[in-house]
Each structure stands twice: as structure tokens, then as C-alpha cells.
Amino acid sequence: MNAKFEKVGMKPAEILLPKAGTDMTKWAVVACDQFTSQPEYWEEVDRIAGDAPSTLRLILPESMLNDANVDQHIADINRSMEDYLARDIFQAHPDAVIYIERTQSDGAVRPGLVAAVDLEKYDYTPGSGSLIRATEGTVLERIPPRVRVRKDAPIELPHVMLLIDDPKKTCIEPIQAAAGSMEQVYDFALMMKGGHLKGWKLSSQQADALADALETLMGEDAMREKYGVTGVAPLLFAVGDGNHSLATAKTCYENLKKVTPESQWASLPARYALVEIENLHDDALKFEAIHRVVFNVDPEKLLAAFKEFYPSAREGQGVGHTIAYTWAGGSGYLNVPNPRVQLAVGTLQNFLDAYLKENGGEVDYIHGDKITDELGAKPGNIGFKLPAMGKDQLFKTVIADGVLPRKTFSMGHAEDKRYYVEGRKIK
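Only a predicted model underlies this, so the values are computations on that prediction, with no experimental measurement involved.

*Asks:* Any chance you could break down the overall build of the chain for me, citing the residues and the numbers?
*Replies:* Looking only at helices and strands, the chain features 13 helices and 24 strands. For 427 residues, the compact-globule estimate of 2.2 N^0.38 gives 22 Å, and the chain sits close to it at 22 Å. Looking at the chain alone, contacts between residues at least 24 apart form 76% of all its contacts between residues at least 6 apart. Where the 48 positive side-chain charges of the chain centre and where its 61 negative ones centre are 2 Å apart.

*Asks:* Could you give an account of the side chain of Glu-276, with specific residues and numbers?
*Replies:* Here Glu-276 lies in strand 14 (residues 272-279). Of the residues examined, Glu-276 reaches a relative accessible area of 2% and is grouped as buried. A polar contact of 2.7 Å, which involves the side chain of Glu-276, links it to the side chain of Arg-418.

*Asks:* Give a description of the sheet that holds strand 18 (residues 321-327) that names residues and reports values.
*Replies:* Reading across the sheet, the six strands line up as 17-19-18-21-16-20 and stay open at both edges, with antiparallel pairing between neighbours. The open sheet has two edge strands with one neighbour each: strand 17 (314-315) and strand 20 (362-366). Of the pairings in the sheet, the one linking strand 17 to strand 19 (residues 330-336) comprises two bridges and is antiparallel in character. Bridge pairing in strand 19 links Glu-315 to Leu-334. Relative to strand 21 (residues 382-385), helix 12 (residues 369-376) is tilted by about 155°, and along the sheet it contacts strand 16 (291-295), strand 18, strand 20 and strand 21.

*Asks:* Can you explain the environment of Asp-71? Please cite residues and give values.
*Replies:* Turning to its location among the elements, Asp-71 is positioned in helix 4 (residues 70-86). Separated by 35 residues in sequence, Asp-71 and Thr-36 place their C-alpha atoms 19 Å apart.

*Asks:* Residue-level account of the packing of aromatic side chains, with values.
*Replies:* This model, assessed by the stated rule, comprises 14 aromatic pairs. Over the ring of Phe-309 we find Arg-340; its NZ or CZ atom is 5.5 Å from the centre of that ring.

*Asks:* I'd like a description of the state of the cysteines, backed by residues and values.
*Replies:* As enumerated under the stated definition, the model contains zero disulfides in all. For Cys-32, which is in no disulfide, the shortest distance to another cysteine sulfur is to Cys-252 and amounts to 14 Å. Note on Cys-32: relative accessible area 10%, which makes it buried.

*Asks:* If you had to explain the pattern of salt bridges to someone new, which residues and values would you point to?
*Replies:* Opposite charge on two side chains makes pairing possible when the charged atoms of those side chains draw close. Under the counting rule described, the total for this entry stands at 25 salt bridges. For Glu-215, the salt bridge identified is with Lys-7, shortest N-O distance 3.3 Å. With a gap of 208 residues between them, Glu-215 in helix 7 (residues 204-217) and Lys-7 in helix 1 (residues 3-8) connect regions that are remote in the sequence. Given a relative accessible area of 30%, Glu-215 falls into the partly exposed group. The class for Lys-7 is partly exposed, based on a relative accessible area of 47%. In this structure, Arg-142 engages Glu-62 in a salt bridge whose closest nitrogen and oxygen atoms are separated by 3.4 Å. In this pair, Arg-142 is assigned in the loop between strand 8 (132-133) and helix 5 (143-150) and Glu-62 in the loop between helix 3 (39-49) and helix 4, connecting sequence segments 80 residues apart.

*Asks:* Can you tell me about helix 9 (residues 243-257), naming the residues and giving the values?
*Replies:* Here helix 9 contains 15 residues, and its C-alpha end-to-end distance of 21 Å stays within 8% of the 21 Å for a straight helix at 1.5 Å per residue. For helix 9, the buried fraction is high: 11 of the 15 residues fall into the buried class. Listed in full, the buried residues belonging to helix 9 are Asn-243, His-244, Leu-246, Ala-247, Thr-248, Ala-249, Lys-250, Thr-251, Cys-252, Tyr-253 and Lys-257. Contacts made by the buried residues of helix 9 are with strand 7 (122-123), strand 8, helix 5, strand 10 (161-164), strand 13 (237-241) and strand 14.

Reading guide: rules and limits
- Residue indices begin from 1 for each chain and proceed along its sequence in written order.
- Residues qualify for local features only when their pLDDT is at least 70, as the model is predicted, and side-chain atom pairs are given and counted only at 80 or more; totals for whole chains, interfaces and linings, by contrast, use all residues.
- Working from all heavy atoms in the structure, the side-chain values ignore hydrogens and water.
- Put simply, DSSP H or I for four residues or longer makes a helix, DSSP E for two residues or longer makes a strand, and each gets a number counted from the N terminus.
- This radius of gyration counts C-alpha atoms alone. The globule rule is 2.2 Å times how many residues there are, raised to the power 0.38.
- Contact criterion: two residues are considered in contact whenever any of their non-hydrogen atoms come within 4.5 Å of each other.
- Only four residue types enter the charge count: Lys and Arg as positive, Asp and Glu as negative, with His and the chain ends excluded.
- One atom stands in for each charge, and that atom is NZ of Lys, CZ of Arg, CG of Asp or CD of Glu.
- In this scheme, a residue with accessible area under 20% of its type's maximum is buried, one over 50% is exposed, and one in between is partly exposed, where area comes from a 1.4 Å probe on protein chains only.
- The term polar contact refers here to a pair of N or O atoms within 3.5 Å; inside protein, the definition further demands a hydrogen-donor-capable atom paired with an acceptor-capable atom, and it admits residues adjacent in sequence only when both atoms are side-chain atoms.
- The pairing criterion is simple: DSSP has to find at least two bridges between the two strands.
- Where helices are involved, their axes are fitted lines through C-alpha atoms of the stretch in contact, as for all axes, and angles between N-to-C directions lie from 0 to 180°.
- Between 30 and 60 degrees the pair is tilted, below 30 it is stacked and above 60 it is edge-to-face, where a pair is any two Phe, Tyr or Trp rings, Trp via its six-membered ring, whose centres lie within 6.5 Å.
- A ring is scored as having a charge over it whenever the NZ atom of a lysine or the CZ atom of an arginine sits within 6 Å of its centre and within 35 degrees of its normal.
- When the sulfur atoms of two cysteines come within 2.5 Å, that pair is taken as a disulfide.
- Between Lys or Arg on one side and Asp or Glu on the other, a salt bridge is scored when a side-chain nitrogen of the former is within 4 Å of a carboxyl oxygen of the latter.
- Each helix should span, by expectation, one fewer than its residue count multiplied by 1.5 Å.

As C-alpha cells, then:
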């Protein structure tokens, strides 16, 4: 690896893209962990993709992760990957970093970079001092099923999004300004209200300048200026989306290390993972709250248990943490005036973890007020809506406290999540 990139835990990669002539709108589909409670969404994606080459055939929507036929689904995915490679539908772009512009559902344009990160520099353990860190608690039980999908796959397709804290806009924005003179590799509309996507390849000079800017961003002066700390391990990349996918890649790599001589670790394709990198300070990047819908419960019993769990809790709004709820019997607010934790999501999640362990039921994590209310209003369900977290708190909190409660924030609406486009061989 180029010494510059080795320091920052990122590098160019051999990126696979469909050859010219491919219907890119049918090729690209949204991240697999979206619309998990809306099977009709994925049915429509399947109808649109039809028999055309599509990343839908290369990923497993998480709504199918517990399907009785999941082993067959995984086998079909691996077979489709091998088929696409054998049919030579990909064009390889060696030593590539791709600059992308995503036009979101609100019309805003969100810039980013697609490159590979070094999994030796990533650790999802709370309190880790690694260069690349999780921002929320990793549910270890969620990793093994995902390992089953990845471990035999010859290709990876990323929906992981990493954030850099670059208030002076020194890394991505200079590339954005030069996009008109760069080699364009795609420009197409995304299906299912996903907006539009364009991509350009960085020159070797641009890639080197990017590495220099990232190295400055992780330096002692930058850490002191941004966070008021010195002598602490630098945090360069914080996981904004797809932490369990990145944790799965890490697990597969660690498993491979156990049967590979250490002298060969650096050359293992599985040591790296393809990601999208975005600047936390980009105006198009919005933090949205992730709501909760609890299924197969008695809502009245659950609400009563919440008030027992937090004796100071009361109905209505007020100081402290206020959480809105909707069920078949109506809607309202729960207020905890003297919360034990910093964020309302922690107040709710701590209760739900304890309640569901004792009483049963299932929770899903939902983007958007409307769908939360619609699902919550169905018999046997209850939906909870949470306030959004400020972006400026993310890196400071991870450095100071380790990780946030899981599913604390979402970067934009579900339709604006990353779509699978680029691939990379991992075997």
C-alpha cells in the first residue's frame, strides 16, 4: 500500500462497475437493511429489475435474513456473483477512488468518495482507540447470519458509509470543485425515488492530495482544535451507516487470518472493505432520528411498564426526554424529566431491551414519522418517535464516551440511503 494511504487506513481499490450498455437504473438497488417491514418495496424492486443484471441478485435484503429458505437465498447470491463474473459484465477500474454526487429525494446534492479501508484500522469494540470506529453499539448476535452471506462471496458491494469531521472542507470539496475535468464513469437515475447518481474517477494526483489532507485531519493539531483533547488516539473515520456490515467484513477477515500465515495478511483482498466516505459538515447530509415500532405486544401493558421502569415518567411533554408514541388506542407522549442517560434514544432503548427480554415481542427500526405511525397503529403494535441528534455531537461523543446507543441516528430518509453500484473482488 502507498505509504501515504497506509497512515490514513484508506487506499484506492480495483473497483468493478458494469460495462457500458448496462441499464444502471435496474443495476442499482438500495441498502439491504432498508424497508425491512415493507416487503412490498422489495417486490416492486424485483419487478423493476426483472431479468436484467442487478445488484438485487447479489445482496440479501434483511427482510429475508430469517427466511426459512435463507440458505438457498445465499447460495443463489453466490451463484449469481460467479455468473456475472463468468459473463464478463464488469469493467475493472484498477487503483481507483471514485468521487460521487448523489442527488437526494429533497433535491440536495450529497458528495462522497468510494474507496477501500483497511480493516486492521477498524474496531467496533466500545471505547476502541482505532482510526476507524463504530458510532453505536454493535449487536454481536447480528454478525453470524451476515457472515454466512459474505464468507463464500467472491464480490463485495458496499452500503457502508463512513464520516470524516472536516469543518474546513479540505478533503472532498476540492475534488468536487474539479469534477468537470475528471473522467466520468456513470450518470443515471436511481429507481424507487432514490434520486440520481453520478461518479468520476480521481487522478493519481488527486488521490495523493486526498491522502495528505486526511493525514492532516487526523493530526494532533486538528484533534486539539476540534475536540479540545491531546495525547489521545486519533479518530479519522466514524461509521455513519452499515456498521454491522463493516463488522461482518472484519469478522470474515479475522477468521481468514487464523488460517493464513501472517506474512500474507497484507495481500489478502478480504483485509479491505469498500465504503463511501462523506464529510459530516456537508449541508446535504442530514441526521434523521431512527424510530422504533414494537410488534406482537400489549401496548397498554408496555406503556404501564415504561412508567414502572422510570418512576418519574409521566404522560405529556416537558423537560428532560420526551418520546411520542402511537398505537391502535391513540397517541401521546412519554416524558422522563430526570433521565439517566444523555439521549432520549438511550432512555427508550434501555427500557425496550429489558421489557422485550422479559415479555417477548419484536422491535424494528423505522425511518420516517408517517410509516412509524402507520405501523404503530396496527393491533398488537406500538410506535415510538424520537428526536434527532445534532451532527456536532457525533465525533465528540464517540471520543469521550465510546459509542452511542444503537440506531441513534440515520443519515437521511430511507430513499436516500446508499445504493449498491460499485463492487470489488474479495477472493
